[in-house]
Amino acid sequence: MTNCVVVGSQWGDEGKGKIVDWLSERADIVVRYQGGHNAGHTLVIDGVSYKLSLLPSGVVRPGKMAVIGNGVVVDPHALIAEMGRLAAQGVKVTPENLRIAENATLILSLHRELDGMREDAASNSGTKIGTTRRGIGPAYEDKVGRRAIRVMDLADRDALEAKVERILTHHNALRRGFGAPEVEHKDIMEELTSIAETVLPFMDSVWQLLDKERRKGSRILFEGAQGSLLDIDHGTYPFVTSSNTVAGQAAAGSGMGPGSLGYILGITKAYTTRVGEGPFPTELTDEIGQFLGEKGHEFGTVTGRKRRCGWFDAALVRQSVATNGITGIALTKLDVLDGLEELKICVGYMLDGQKIDYLPASQAAQARVEPIYITLEGWKESTVGARTWAELPAQAIKYVRQVEELIGAPVALLSTSPERDDTILVTDPFED
Ligand code: GDP
Ligand code: IMO
Ligand code: MG
């Protein structure tokens, strides 16, 4: 297929960044279509690590076009800081290789502050989500509430005045509720003026750009952030992010028609992790959970928080295969399982004495489900850096085959270390 959508099939941090970077060699354009700098993607290229949050992972490859679509919420300060960090590593981000949708929503400092105030207040009432405190939720609320400031508004100062007034009326009422000082009109105008000059040269009509490229036959790679279980509709609500993370959003969040999306590649970790609060049926709080966390370096790229770890949950991923229309998966971090005596895979749950093979939608039921496991023999040999099937021990292959069978999707790529090239290609998503 010409195009490919990369989505996380679990709760994020599946290794999307590494796989997007690897695949971007075969693509012309890499497009982010939802989320913001709540995402944290680590790429390792020849031993050098690159950390990306808002910029599409394709930006590190010379000659590739990176695009931030309308579905993304853009914090201009975070954008400028990230471009600065990359420049220090020798990666040039210029209006030649990065385009940002004119109709993308901006995250302002008042969004970040509101996110933090809500999380602080919630920690006393037990309703904390454990957000990244980046202002993602409040910015999407303003977008849906039709009072957001968008990238294009930076170019029209006169119209901006009224828009700032409108957003402040809303936010200052909220801030009074938290006992926080009100934000002054001139402060927001100053904030926006200070970044306008840097951001505006990147502004574009992304739907037109993508339409032109599609007609030319360019290969477009869509890079999802977060994971399907963090989707605002299909995830473990309310412990989710504020955007649709499933593959369908690649169309709405970029302005390209769904018929052109192509191969849907679900990035899937060989075990399960989640950051922040919320249900996690296969969570391990014992020494095996600790082993996975230490061996897998499971610390958040954005907030540095320890990720919760657990066994592979095939019921969840099977659900993601359905909600995304996953064609094939990239199975990552298989190497982290090396050395474990035995491995468990969750194949379904018990809920109030009944067997079910999906995660129920209600929060109360999600908290009550008990995983049903099958047990597989582990392997002693190292799979770190394996680049062919022949280098994998028989038990590791058995594990992979079992995963494929249980989730109902084939493995297209297999990743065996953080390094770009430690990747086994089974099916090329762009050729399939
Ligand atoms: P993303 O948010 O989905 O892009 O994933 P993150 O980058 O937040 O987290 C994945 C982490 O695992 C990163 O530190 C990667 O460098 C690392 N990683 C990716 N693939 C593999 C793999 O196959 N094996 C190991 N050991 N680490 C990997
Ligand atoms: P990548 O792209 C893992 C989680 C937060 C929190 C919830 C809501 O690196 O996979 P938010 O700040 O989005 O309102 O927080 O979502 N979360 C992620 N967890 N990986 C991510 O991104 C995440 N982005 C948000 O921890 O539980
Ligand atoms: Mg991440």
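Asks: Just to check I follow, could you spell out the sheet that holds strand 20 (residues 423-425) for this structure?
Replies: The pairing of strands in a sheet happens through backbone hydrogen bonds and is either parallel or antiparallel. Taken together, ten strands build an open sheet; the order of strands is 9-7-5-2-10-1-11-15-19-20 and the sheet is mixed. The outermost strands of the open sheet, each flanked by one partner alone, are strand 9 (203-204) and strand 20. Where strand 19 (residues 411-415) lies against strand 20, three bridges are found, and the strand directions are antiparallel. Bridge pairing links S415 to T423 in strand 20.

Asks: Sorry, what's going on with the coordination of the magnesium ion (ligand 3) here?
Replies: For a metal bound by four donors in a tetrahedral arrangement, the ideal donor-metal-donor angle is 109.5 degrees, while six donors in an octahedral arrangement ideally sit at 90 or 180 degrees. On the protein side, the magnesium ion (ligand 3) has D13 (OD) and G40 (O) as donor atoms, found 2.0 to 2.1 Å from it. Of this pair, D13 sits in the loop between strand 1 (4-8) and helix 1 (16-24) while G40 sits in the loop between strand 2 (29-32) and strand 3 (41-45); the two residues are 27 residues apart in sequence, bridging distant segments of the chain. For G40, a relative accessible area of 11% puts it in the buried group.

Asks: Would you take a moment to explain unusual backbone geometry for this structure?
Replies: Most peptide bonds take the trans configuration, and most residues that are not glycine carry a negative phi. That bond from Y237 to P238 is cis: its omega, 5 degrees, falls within 30 degrees of zero. With a phi angle near 60 degrees, D13 is a residue other than glycine that sits in the positive phi range. The phi angle at R146 is positive, at roughly 60 degrees, despite the residue not being glycine. Within the fold, R146 resides in the loop between helix 4 (136-144) and helix 5 (157-178). Under the relative-accessibility criterion, R146 is labelled exposed at 70%.

Asks: Before we go on, may I ask you to explain the site of ligand 2 in this structure?
Replies: Neighbouring ligand 2 are 20 residues; D13, K16, T132, Q226 and T241 lie closest to it. Taking N38, its side chain carries an N or O atom lying 2.9 Å from an oxygen atom of ligand 2. Side-chain polar atom of T132 to an oxygen atom of ligand 2: 2.6 Å apart, as the coordinates give it. For ligand 2, whose accessible area on its own is 550 Å², the fraction buried by protein is 98%. Residues of the shell around ligand 2, tallied by class, amount to seven nonpolar, ten polar and three charged.

Asks: Where do I start with the packing of helix 2 (residues 76-88) against helix 6 (residues 185-199) in this structure?
Replies: Between two packed helices, what matters for the description is the angle formed by their axes and the separation of those axes. The geometry of helix 2 relative to helix 6 is characterised by a closest axis approach of 10 Å and an angle of 45 degrees between their N-to-C directions. Comparing their axes, helix 6 and helix 2 come out oblique. Crossing handedness for the pair helix 2 and helix 6: left-handed. On the side of helix 2, the interface is formed by P76, H77, L79 and I80, while helix 6 contributes E191, I195, T198 and V199.

Asks: Help me understand the nonpolar core, please; the structure alone is not making it clear to me.
Replies: Membership of the largest hydrophobic core comes to 89 residues, with the highest contact counts inside it found for L55, L98, L192, L334 and Y399. The next biggest cluster of nonpolar side chains, apart from the first, holds 16 residues, and it includes V20, W22, V30 and L265.

Asks: Help me understand helix 3 (residues 109-125) in this model?
Replies: Because each turn of an α-helix spans 3.6 residues, side chains separated by three or four positions end up pointing in the same direction. Spanning 17 residues, helix 3 covers 25 Å between terminal C-alpha atoms, matching the ideal 24 Å at 1.5 Å per step. Packed against the buried residues of helix 3 are strand 8 (105-106), helix 4, helix 5 and helix 6. Immediately downstream of helix 3, the backbone of G126 shows phi near 75 degrees, a positive value.

Reading the values: rules and limits
Residue positions are given per chain, counted from 1 along the sequence in the order it is written. Throughout, the order in which chains and ligands are written sets their labels, letters from A for the former and numbers from 1 for the latter. Given that this is a predicted model, residues contribute local features only at a pLDDT of at least 70 and side-chain atom pairs are listed and counted only at 80 or more, while totals for whole chains, interfaces and linings are drawn from all residues. Note that water and hydrogens are dropped before the side-chain values are worked out from all heavy atoms of the structure. Pairing between strands is defined by DSSP: at least two bridges between the two strands are required. Numbering of helices and strands runs from the N terminus, with a helix taken as a DSSP run of H or I at least four residues long and a strand as a DSSP run of E at least two residues long. Here the coordinating atoms are restricted to nitrogen, oxygen and sulfur within 2.8 Å of the metal centre, or 3.2 Å for Na, K and Ca, and because water is not among them the sites may look incomplete. Any residue under 20% of the maximum accessible area for its type is buried, any over 50% is exposed, and the rest in between are partly exposed; the area is computed with a 1.4 Å probe on protein chains only. Throughout, near means a residue has at least one heavy atom within 4 Å of the molecule or strand. N or O atoms within 3.5 Å of each other form a polar contact, as long as, within protein, one can give a hydrogen and the other can take it, and as long as residues adjacent in sequence are counted only when both atoms are side-chain atoms. Residue-level accessible areas treat just the shown protein chains as cover; the underlying method is Shrake-Rupley with a 1.4 Å probe. Polar here means any residue outside two lists: the nonpolar Ala, Val, Leu, Ile, Met, Phe, Trp, Tyr, Cys and Pro, and the charged Asp, Glu, Lys and Arg; Gly therefore counts as polar. Convention adopted: a line fitted to C-alpha atoms gives each axis, helices being fitted over their contacting stretch, and angles between N-to-C directions are expressed from 0 to 180 degrees. Angles below 35 degrees are treated as roughly parallel, those above 145 as roughly antiparallel, those between 65 and 115 as roughly perpendicular, and all remaining angles as oblique. When the near helix sits turned anticlockwise from the far one by under a right angle, the crossing is termed left-handed; a clockwise turn instead gives a right-handed crossing. Any pair of residues with heavy atoms lying within 4.5 Å of one another is described as a contacting pair. For the purposes of this section, nonpolar cores are sets of buried Ala, Val, Leu, Ile, Met, Phe, Trp, Tyr and Cys residues that join through side-chain atoms within 4.5 Å. Here the expected length of a helix is defined as 1.5 Å per residue gap, with one fewer gap than residues.

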